[in-house]
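Residue-level structure breakdown
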Amino acid sequence: MKRYATALLTALAPVSWGTTYAVTTAFLPDGRPLFTGLMRALPAGLLLLALGRVLPRGAWWWRAAVLGALNIGAFFPLLFLSAYRLPGGMAAVVGSVGPLFVAGLSALLLGQRPTVRTLLTGAAAALGVSLVVLKAAGALDAVGVLAALAATASMSIGTVLTKRWGRPDGVGPLALTGWQLTAGGLLIAPIALLAEGAPPALDGRALGGYLYLALANTAVAYWLWFRGIGRLTATQVTFLGPLSPLTAAVVGWAALGQALTPLQLAGMALAFGATVLGQLAPLGPRRRRPSATDRPGMTDRPSVMDRLNVTDRLNETDPGRV
C-alpha cells in the first residue's frame, strides 16, 4: 500500500505538467521557448537550493550537471518548442512513448530486463498515442513532433541515470531537485540570450503564468518526481507519464475549446489503462515455508541441549532467523 501511495503522489507531477501546454499558449509570450524554459527552471532551482542548503560534493558536481542538462536544460526548450508548434495536448501525447524508451535504457544501464507485460503495456501506451496523433496527422508540424520526441528521449535518459546514480548519503530529493533545476537553468540562460535576445516585456498575465510554472509546475512537481524515482522503479515512474497527455487533452478541451473525437478518447483510455497497469509490480517467486522435515530434530521431542544445538545450527545456516 505504501508503494501505491508513493505512486499516487508521484502522479501529481505529470498531472501538473499536463497543464503546461494550456498555460504556454494562453498566458505566455509567443515564440520564446528558451526564455520560458529559463523562467521555469532557474527560479525554482534557486528556491530549492535555498531550502535544501546543500551543495554537491565530489563526483556529484558533474553528475548534477549531466542530470540537469538531460532533465531540464535540454528537456525544457524542446518541450516548449513542441508546445508552441503543436496543438495543446498533442505535444504531451507524443511524450507518452517514454515507457518504451525507459524500458530499453533500463536494460542497458540498470540490468533490468523488461518483462513481457512491460513491453505489452508500453506498446499499449504507444498505440493510445497513435490513436490520438493520427487524427490530426495532416496538421502536425514536423519540427514540433521531432522536438517532442527529443524531449522524451532526454527525459527518459535522465530518469534512468537518476535511478542508477541514486543520491549521495544525507542528501534528500529536495536538494537533488534543486541541483538539477539550477544546473539546467544556467545551461539554458546563455543559449536563450544568444538565440532569442533580451527578455520580453511581461505583463501581469505572463508573470502569473511564469509564477505558476516555476512553483507548482516545476519546484513541487519535480520534487515529487525525483522522490518517486528514489522509491519506485524507473519503469513504474515513467509509466505515469501518460497522465500528462491525458491532463493536457482534458484541459485543452475544457479551457481552450479543442475538440476530442471518439477515436482520440479511445486512445486516451488506452493510455490511462497502460498507466495503471504499469504500476503493478512484477510477481516474484513465492518463498516456500519450511516444513517440519526441513528442521533437524523437529519430529522428536529433543532435550534442552538438543534444542540449543539445533538453534545454533539453524542460526548459522539462516542468519535471518536471529
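Residue numbers restart at each chain and count upward from 1, following the sequence in its written direction. Under the rules for a predicted model, residues below a pLDDT of 70 receive no local features and side-chain atom pairs below 80 are neither given nor counted, while totals for whole chains, interfaces and linings still include all residues. Side-chain metrics rest on all non-hydrogen atoms present in the structure, leaving aside hydrogens and water.

Some words on helix α7 (residues 98–109)
Helix and strand assignments follow DSSP, with helices taken as H or I runs no shorter than four residues and strands as E runs no shorter than two, numbered in order from the N terminus. Every helix has an expected span of 1.5 Å times one less than the residues it contains. Here α7 contains twelve residues, and its C-alpha end-to-end distance of 16 Å stays within 8% of the 16 Å for a straight helix at 1.5 Å per residue. Three labels apply to residues, based on accessible area from a 1.4 Å probe with only protein chains included: buried if under 20% of the type maximum, exposed if over 50%, partly exposed otherwise in between. Of the positions making up α7, those classed as buried are G98, P99, V102, A103, L105 and S106. Phi for G111, located one or two positions after α7, is positive at around 70°.

Re helix α11 (residues 204–231)
Here α11 is 28 residues long and its end C-alpha atoms lie 39 Å apart, about the 40 Å a rise of 1.5 Å per residue gives. At A221, α11 is deflected by roughly 30°, the largest bend along its length. What we call the bend at a residue is the angle made by axes fitted to the seven residues finishing there and the seven residues starting there.

So, the side chain of N71
Mapping N71 onto the fold places it in helix α4 (residues 60–73). You can call N71 buried: its relative accessible area is 0%. We call two residues in contact whenever any of their non-hydrogen atoms come within 4.5 Å of each other. Not counting residues within four places of it along the chain, the set of residues in contact with N71 comprises F76, S154, M155, G158, T159, T162, Q180, Y222 and F226.

Quick word on the environment of A148
Structurally, the position occupied by A148 is in helix α9 (residues 142–165). Taking the relative accessible area as the measure of exposure, A148 reaches 4% and is therefore buried. For the pair A148 and F75, spaced 73 residues apart in sequence, the C-alpha to C-alpha distance is 9.0 Å.

With respect to empty space enclosed by the protein
Cavities and pockets were defined on a 1 Å grid built over protein atoms only: a cavity is a set of grid points that admits a 1.4 Å probe from which the probe cannot escape, a pocket is an open set flanked by protein on both sides within 12 Å along at least five of seven lines, and lining residues are those with an atom within 4 Å of any such point. Grid points are joined across faces, edges and corners, and a volume is the space filled by probe spheres set on the points. Under the defined criterion, the tally for this structure stands at two cavities of 30 Å³ or more. In this structure, the largest cavity occupies an estimated 340 Å³ of space. Of all the elements in the fold, those that place two or more residues in the lining of the largest cavity are α1 (2–17), α2 (20–27), α5 (75–85), α6 (90–94), α7, α9 and α13 (243–255). For the lining of the largest cavity, the element with the most residues is α9, which contributes six residues. Residues are grouped as follows: Ala, Val, Leu, Ile, Met, Phe, Trp, Tyr, Cys and Pro are nonpolar; Asp, Glu, Lys and Arg are charged; all remaining types, including Gly, are polar. Considered class by class, the residues forming the lining of the largest cavity number 14 nonpolar, eleven polar and one charged.

Considerations on the pattern of salt bridges
Just to be clear on terms, a salt bridge is a Lys or Arg side-chain nitrogen sitting within 4 Å of an Asp or Glu carboxyl oxygen. Taken as a whole, this structure holds one salt bridge when the rule is applied. A salt bridge links E196 to R32, with the nearest nitrogen and oxygen atoms 3.2 Å apart. Pair noted here: E196 is in helix α10 (residues 173–196) and R32 is in the loop between α2 and α3 (33–52), with a separation of 164 residues, a long-range link.

What about the packing of α1 against α11?
For helices, the axis comes from a line fit to the C-alpha atoms of the stretch in contact; other axes are also lines fit to C-alpha atoms, and the angle between any two N-to-C directions lies between 0 and 180 degrees. Closest axis-to-axis distance for the α1/α11 pair is 8 Å, and the angle between their directions is 145°. The two elements α1 and α11 cross, and the hand of that crossing is left-handed. Here α1 contributes T6, L9, T10, L12, A13, P14, S16 and W17 to the contact with α11, which in turn contributes Y212, A216, N217, A221, Y222, L224, W225, R227, G228 and R231. Here the contact of α1 with α11 is composed, by residue class, of eleven nonpolar, five polar and two charged. By definition, turning the near helix anticlockwise from the far helix through less than a right angle yields a left-handed crossing, and turning it clockwise yields a right-handed one.

Side note on the packing of aromatic side chains
Pairing of aromatic rings covers Phe, Tyr and the six-membered ring of Trp, with a centre-to-centre limit of 6.5 Å; geometry is then stacked below 30 degrees between planes, edge-to-face above 60, and tilted otherwise. In this structure the tally under the stated criterion is eight aromatic pairs. When the centroid spacing of 6.0 Å and the interplanar angle of 50° are considered together, the rings of F75 and F76 count as tilted. Exposure remark for F76: the relative accessible area of 0% places this residue in the buried category. On the basis of an interplanar angle of 40° and a centroid distance of 5.8 Å, the ring pair of Y222 and F226 is categorised as tilted.

Focus on unusual backbone geometry
The backbone phi angle of R53 is positive, close to 55°, even though this residue is not glycine. In this fold, R53 is placed in the loop between α3 and α4.

A look at the nonpolar core
Definition of nonpolar core: a set of buried residues of the types Ala, Val, Leu, Ile, Met, Phe, Trp, Tyr and Cys, connected through side-chain atoms within 4.5 Å. If you look at the biggest cluster of nonpolar residues, it comprises 35 residues, and the most contacted ones within it are W17, I72, F75, F76, M155, Y222 and W225. Those elements giving two or more residues to this core turn out to be α1, α3, α5, α9, α10, α11 and α13. Discounting residues that sit within four places of it in the chain, W17 has contacts with R40, M155, N217, A221, Y222, W225 and S244. If you look at the next biggest cluster of nonpolar residues, it comprises ten residues, including W60, L161, W165 and V171.

What is shown is where atoms sit, not what they do.
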